[in-house]
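Next come the chains, spelled out residue by residue.
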Amino acid sequence: MTTPLRRMPGWAKALTAVVVVLAVLFAGIRLSVLPGLKDLFGTETHDRSGPALLESIQDISRYDAATGNFQVVVDLEKDTRFLPDAIRGTRTLYVGAGTVDAYVDLGKLGKDDVQVDEDRTSATLRLPHARLGTPALDPERSYAVSKERGLLDRLGDLFSDNPNSEQAVQKLAVRHIGAAAKESELTTRAESNTTGMLEGLLRSLGFTKVDVAYGD
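The rules behind each value
Residues numbered from 1 in each chain as written. Predicted model: local features only at pLDDT ≥ 70, side-chain atom pairs only at ≥ 80, totals over all residues. Heavy atoms only, no water. Salt bridge = Lys/Arg side-chain N within 4 Å of Asp/Glu carboxyl O. Helix = DSSP H or I, 4+ residues; strand = E, 2+ residues; numbered from the N terminus. Buried < 20%, exposed > 50% of the residue type's maximum accessible area, 1.4 Å probe, protein only. Phe/Tyr/Trp six-rings, centres within 6.5 Å; stacked < 30°, edge-to-face > 60°. Lys NZ or Arg CZ within 6 Å of the ring centre and 35° of its normal. Pairing = 2+ DSSP bridges. Axes fitted to C-alpha atoms, helices over the stretch in contact; angles between N-to-C directions.

**Student:** Looking at this structure, how should I read the pattern of salt bridges?
**Tutor:** A side chain with one charge may pair with a side chain of the opposite charge, provided their charged atoms come close. Throughout the structure, instances matching the rule amount to three salt bridges. For R62, the salt bridge goes to D64, with nearest N and O atoms at 3.1 Å. Among the ionic pairs, R203 bridges to E199, the shortest N-O distance being 3.9 Å. Taken together, the residues R203 and E199, both in helix 5 (residues 186-204) and four residues apart, mark about one turn of the helix. When its relative accessible area of 43% is taken as the criterion, R203 is described as partly exposed. What makes E199 partly exposed here is its relative accessible area of 25%.

Okay, here's the thing in structure tokens:
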């Protein structure tokens, strides 16, 4: 007696095998994300990275006078025309935390920017205005709250070299943090701290009067 499986055509057998493999993969993913259950396939992580190579060294002449800590909630949604979100589309809720430094570039001081009297008791300094550094995202304090993906996006993640990529929300978080730093009083605080540092330094060297001004 011929079994039902033997009566199936070749393409049907292949399709059945693919469906079974996908079902096993999805089951493994489901089990791996459930708390208290280990990965179905016993996945292990090995770090085989090579040693870091020093490419260049740069001298720094700036004084980092203040650091701002920022946090932003990014809600990024991507839709596709003519397809419902359940089929194709993503929405990611991401908490991004990072820092921005404010600094004064002391390397741009010229001869006319530092005036000292003959008795070396009075000094006048003219410094460039404080500037903001590049926002730095802190991976230890940044995380995805939720991810919603359509069916096609989920299937694409299975065969992608970089599944569940968060580059888009990370870049957006950095952009928002940089914008918030510009609206803050971070540069003002940096100039005030720089003034205090220079006054204390010069007074320890015997100067009794120290004037610090800022201008481009």
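Alright, that's what it looks like, and here's the rest.
**Student:** Even after reading the chapter, I still don't get the packing of aromatic side chains, so can you show me in this structure?
**Tutor:** Aromatic ring pairs: the centre-centre distance and the angle between the two ring planes describe each pair. Taken as a whole and judged by the stated rule, the model has zero aromatic pairs. The aromatic ring of Y103 is capped on one face by R62, whose charged end is 4.1 Å from the ring centroid.

**Student:** Would you take a moment to explain the sheet that holds strand 8 (residues 209-214) for this structure?
**Tutor:** Hydrogen bonds between backbone atoms are what pair the strands of a sheet, whose relative direction is either parallel or antiparallel. Read from one edge to the other, the open sheet built from three strands follows the order 3-4-8, with strand pairing classed as mixed. Pairing within the sheet leaves two strands with one partner each, and these edge strands are strand 3 (114-116) and strand 8. Each strand axis lies, on average, 10 degrees off the axis of its neighbour in the sheet, ignoring direction. Relative to strand 4 (residues 122-127), strand 3 is paired through three bridges, and the arrangement is antiparallel. Directly across from V114, in strand 4, lies its bridge partner L125.

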